[in-house]
Amino acid sequence: MLHSSRHDTQPASEPDLGLFRRMLEQAPGLVHLHDSASSAILYANPRFKEFFGDAPDLDALLPRHVVANLASAASAEPTTVTYETFSASRDGAVARLQTRANVFQSAPDGTPLQILCWSEPISDVFTEKRLRRKEALLRNNELLRNVGNWQYDLVTGAVEWTEGLYCLYGYEDPATRPAYVTPEFISRHVRAQDRSTLQVRFEAFLAQRQDYETEWTLVRRDGRERLVTERVHVVLDERGEPTALLGSTADVTDEREAVRKLAESERLLSECEELFGYGSCSMDAATGRIRWSRGMYLIFDMEIGEPALTYEQYLALIAENDRERVDGIVQNTRRTGGEYAYETQILTRRGNAKFITSQGRLMIDEGGGLLESIGSVIDITARKNAEEERVRQASLFQSIIDNSQAGIFRFRPLYDASGRLVEFVFSHVNRTVAALAGSDAGDLAGMPAGQLFTAYLHNGLFARYRDIYEKGGSERFEFQYQGDGLDVWFDVMANRHGDELLVNFLDITELKNAQLAQQQQADFLQNLVDRMDTALVLYEPIRGADGRIVDFRHRLTNPTHLRTIGRTAGEFYGQTILEIFPGTRQQGFFDQLVTVSETGQMQSFLLHYNLDGLDVWADTWLSPQDDGVLFTYTDITAVKQMQLAQERQSELLQSILDHIPTGIVLYQAVRNESETVVDFVHELSNPVNSAVTGSAEAELVGKTMRALFPDNWQNGTFHQLTQVLESGQPVRQEYEYRSHGIE
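Residues numbered from 1 in each chain as written. Predicted model: local features only at pLDDT ≥ 70, side-chain atom pairs only at ≥ 80, totals over all residues. Heavy atoms only, no water.

## Some words on the overall build of the protein chain
- Of the regular secondary structure elements, the protein chain holds 28 helices and 27 strands.
- The globule rule puts the C-alpha radius of gyration for 743 residues at 27 Å, and the 66 Å found for the protein chain is more than 25% above it.
- Dimensions of the protein chain, computed from the C-alpha atoms along their principal axes, are close to 220 × 90 × 65 Å.
- Out of the 743 residues belonging to the protein chain, those deemed buried represent 35%.
- Taking contacts inside the protein chain between residues at least 6 apart in sequence as the whole, the part at least 24 apart equals 45%.
- Accessible area of the protein chain: about 44300 Å², with a carbon and sulfur share of 51%.
- Side-chain charges of the protein chain comprise 72 positive and 108 negative groups, with the mean position of each set lying 8 Å from the other. (Helix = DSSP H or I, 4+ residues; strand = E, 2+ residues; numbered from the N terminus. Rg over C-alpha atoms; globule rule 2.2 N^0.38 Å. Buried < 20%, exposed > 50% of the residue type's maximum accessible area, 1.4 Å probe, protein only. Contact = heavy atoms within 4.5 Å. Areas by Shrake-Rupley, 256 points an atom, 1.4 Å probe, with all protein chains shown as cover. Lys, Arg positive; Asp, Glu negative; His and termini not counted. Charge placed at Lys NZ, Arg CZ, Asp CG, Glu CD.)

Below, the structure written as structure tokens:
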């Protein structure tokens, strides 16, 4: 920048610039020479004139404070002040200028007379403001829509992000943002399982040199995952080679969630409509468009997607005898607007009769014209059928109650002044109760029960009813009613139902008398069984899955059996035979029980049971009884043991006889009608006697003396034996016996 001495005293006039002027003519800046005294422009180069025109704003170009600063800088050295100003160009646009002002000529006191200014436009302020507004609008739009934009220079590798993209990645605070956005930085924010897929897709589209759109999961700075869609434009050079990528990334998480929730809501609505049998519809009068929900198609037995019924088509489906009434309701609402509701029956195109309720609203304009109608239809066929069935069942139930042999009535409580329940009042009675009271059923409603049945207040029945009512629940019991000329047994069932007591009873007097007689007979038989000397057990077979008998359960026994086995009734009943006597299977008694049960054939045998801690002899009978077996036996253990003892004694005696060196013979006397001994029979003979007589024991026993030894009558042997028998005194003597070949 050229300048002159500030102490030059030449008068202010347009200087003769010469070469200097020619240099300024070619200068790229906006140059002018300013006269301080007249505030006029002494010189302006062509670019200055082109930019500002003929009427530049001099105060804006050289503000007073700049002139004052130049004047205050009293120095021999050239003084330059650089400043920025705003000034309007010739087309009215406001430009921001950077100006360097230099004192070209000054007065002796240092006052600037001429000031040379060199200005350069920095920017168009309106363009800058518009740019800033656009940037602000872009930023707000990005933040509102969760969108960010970016540019990737494939040549230099530089990446530029908008404010919205930083916010999308979770870097709202500028202090947290990286100095440079790199591909590695971006990759860290891609969900791990999406990285390889996203890279392959990126390389494929880049190789094809075509724009693309993709979807992936972004991991924000705070770790939250967001679903984003990315649209990318590939910028190509004149050779068709990609040089840059321009992209827009949008967070669609909330949008997708909203779509999912909407679909879920529609699905739930559809399921609810189908489940509960209702549908909704609307009609736009301006366009005539009718919209049906899925439930409407189901109610009217139509295929989904068929054209919805018009009002006239719908009216034709209504039962003919109800069509006029329904149309009247709708038309009245059509004239005034508002809501309507009705119930009717339709016949669908498939021939199914259905009951429906319809509710809706008709909206009209100021002139009474229809704007829109909305409504809903509910299929109440099941409910109507249920109501009809309920009425039928109620009628049938009432008929059953009235004609039941059981007495049925309802009570409601009656309280005294202190709140104590003191009586019940009949609400309803059937014919059986009325007949028992000797009155009509209708006359008993509202009458206190004690007025008809005075005994019930004192015989405990009222107290029973009161307890059931106050405690709630139900109770069944038998009661003998004595009083009011009655002596009967009732089987009573009473339960509280709301604020009433519901009672039904059955006269079981005959049954009770039969039970008492049966019980008496059973007691008699049990007493008889209990006193029997014969033991008794009734077995019930237990069968497995294949139908075979696997055990027997004890159903009945008597004390004789319990004493024999040494058990109490508590230890016996409820147990099976194999649980108490497992040895019966080994001994064979169990198999005999099975045989009798299966064949129905009675068996009798002598049983010796010496297992499970018992040693019993029994004279046994097994008899089939329906599906069971009756086991009766007489305990002959003592007799059998005595018999066995005798047998052992006899065996011992026989052993002695067989081994004693003395001959022994036992004779049994044979008497005639006068009880005179006329002979003897050989009862026993030992080996020594057989050796002496020469006859085996078998040849002697059972034979008479007269038949074998007739000489004994002559040799005195018969006489001696008779004397011993008659006197009872033993005789011992020696004598010589010579007879029958014996010496």
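## Notes on the sheet that holds strand β7 (residues 159-161)
- Pairing is antiparallel across the open sheet formed by five strands, whose spatial order is β7-β6-β10-β9-β8. Lying at the two open borders of the sheet, with one neighbouring strand each, are β7 and β8 (212-219). Looking at each pair of strands side by side, their axes are set apart by 25 degrees on average, direction ignored.
- Looking at chain direction, β8 and strand β9 (residues 225-236) are connected through eight bridges and run antiparallel. Counted as the bridge partner of L218 is R226 from β9.
- Against the sheet, helix α8 (residues 192-208) engages β8, β9 and β10 (242-251), with an angle of about 155 degrees to β8. (Pairing = 2+ DSSP bridges. Axes fitted to C-alpha atoms, helices over the stretch in contact; angles between N-to-C directions.)

## Here's the deal with the sheet that holds strand β12 (residues 289-292)
- The five strands are arranged β12-β11-β15-β14-β13 in an open sheet whose pairing can be described as antiparallel. Both outer strands of the open sheet, β12 and β13 (338-347), are each paired with one neighbouring strand and no more. Pairs of neighbouring strands in the sheet enclose a mean axial angle of 20 degrees, with direction left out of account.
- Relative to strand β15 (residues 370-379), strand β11 (residues 278-284) is paired through seven bridges, and the arrangement is antiparallel. Directly across from S282, in β15, lies its bridge partner I374.
- Helix-sheet contacts for helix α12 (residues 320-336) involve β13, β14 (353-364) and β15, and the interaxial angle to β13 is about 160 degrees.
- Relative to β14, helix α13 (residues 381-403) is tilted by about 130 degrees, and along the sheet it contacts β13, β14 and β15.

## Quick look at the packing of aromatic side chains
- Taken as a whole and judged by the stated rule, the model has 34 aromatic pairs.
- Measuring from ring centre to ring centre gives 5.8 Å for W161 and F185, while their planes differ by 50 degrees; the resulting arrangement is tilted. In this pair, W161 sits in strand β7 while F185 sits in helix α7 (residues 183-188), placing the two residues 24 residues apart along the sequence.
- With a relative accessible area of 13%, W161 lands in the buried category.
- With 4.5 Å between their ring centres and 10 degrees between their planes, F205 and Y212 make a pair best called stacked. The exposure classification of F205 matches that of Y212, with both residues buried. (Phe/Tyr/Trp six-rings, centres within 6.5 Å; stacked < 30°, edge-to-face > 60°.)

## Points about the environment of F709
- Relative to the assigned elements, F709 resides in the loop between α27 (705-708) and α28 (717-727).
- Note on F709: relative accessible area 9%, which makes it buried.
- Residues F709 and S196, 513 residues apart in the sequence, show an inter-C-alpha distance of 135 Å.

## Regarding a nonpolar patch on the surface
- Taken together, the side chains of L652, L653 and I656 present a nonpolar region at the surface, about 270 Å² in accessible area.
- Residue placement: L652 occurs in helix α24 (residues 637-659).
- For L652, a relative accessible area of 46% puts it in the partly exposed group. (Patch = residues over 30% accessible without salt bridge, like charges linked within 9 Å, V, L, I, M, F, W, Y side chains within 5 Å. Salt bridge = Lys/Arg side-chain N within 4 Å of Asp/Glu carboxyl O.)

## Section: α24
- The terminal C-alpha atoms of α24, which comprises 23 residues, lie 33 Å apart, in line with the 33 Å expected from a rise of 1.5 Å per residue.
- Among all positions in α24, only T637, K640 and L657 are buried.
- Where α24 is buried, its residues contact β23 (603-609), β24 (616-625), β25 (628-635), β27 (677-685) and α25 (687-693). (Expected span 1.5 Å × (residues − 1).)

## Examining the pattern of salt bridges
- All told, the structure shown has 29 salt bridges when counted by the stated rule.
- The salt bridge involving E598 is made with R543; its shortest N-O contact spans 3.4 Å. Note that E598 is positioned in helix α23 (residues 589-599) and R543 in strand β21 (residues 535-543), a separation of 55 residues in sequence.
- Between E726 and R671 there is a salt bridge, with its nearest N and O atoms 3.6 Å apart.

## Observations concerning the nonpolar core
- Grouped together as the largest cluster of nonpolar side chains are 29 residues, with contacts concentrated most on F409, F411, F424, Y456, Y465, Y481 and L501.
- Elements with a minimum of two residues in this core: β16 (407-415), β17 (421-429), α14 (431-437), α17 (461-471), β18 (474-483), β19 (486-497) and β20 (500-507).
- If we ignore the near neighbours within four places in the chain, the residues touching L501 are F409, R410, F411, F424, Y465, I468, Y469, N495 and R496. (Core = buried A, V, L, I, M, F, W, Y, C linked by side-chain atoms within 4.5 Å.)

## Points about the pairing of β10
- In terms of burial, β10 is largely enclosed, as seven of its 10 residues are buried.
- Inspection of the sheet shows strand β6 (residues 147-153) paired to β10 by seven bridges, in the antiparallel sense. Of the residues in β10, the one forming a bridge with G148 is T249.
- Both β9 and β10 contribute to a ladder of nine bridges, which runs antiparallel. Of the residues in β10, the one forming a bridge with E230 is T249.

## What to know about the side chain of E230
- Considering the arrangement of structural elements, one finds E230 in strand β9.
- The buried charged residue E230 lacks any salt bridge partner; its closest oppositely charged side chain belongs to R201, at an N-O distance of 8.8 Å.
- A polar contact is formed between the side chain of E230 and the side chain of W216, at a distance of 3.3 Å. (Polar contact = N/O pair within 3.5 Å; in protein donor to acceptor, adjacent residues only side chain to side chain.)

## Looking at the pairing of β14
- Across 10 bridges, β13 lies against β14 in antiparallel orientation. Looking at the pairing, G338 lines up with L362 of β14.
- Between β13 and β14, which follow one another and run antiparallel, lie five residues, and G351 among them has a positive phi close to 90 degrees.
- Of the pairings in the sheet, the one linking β14 to β15 comprises nine bridges and is antiparallel in character. Among the inter-strand pairings, T357 is bridged to a residue of β15, identified as I378.

## Section: the confidence of the model for the protein chain
- The pLDDT averaged across the protein chain works out to 84; a share of 92% of its residues lies at or above 70.
- Averaged pLDDT values for the elements of the protein chain fall to 61 in helix α5 (residues 125-145) and rise to 94 in α17. (pLDDT = per-residue confidence, 0-100.)

## Concerning the environment of L644
- With respect to the helices and strands, L644 occurs in helix α24.
- C-alpha of L644 to C-alpha of Q26: the two residues are 618 residues apart in sequence and 162 Å apart in space.

## Here's the deal with unusual backbone geometry
- With a phi close to 55 degrees, S39 is a non-glycine residue in the positive phi region.
- Relative to the elements of secondary structure, S39 occurs in the loop between β1 (30-35) and β2 (40-44).
- The partly exposed category is assigned to S39, whose relative accessible area is 43%.
- Backbone geometry at D484 places phi at a positive 55 degrees, although glycine is not the residue there.
- Position of D484 relative to the elements: it lies in the loop between β18 and β19.

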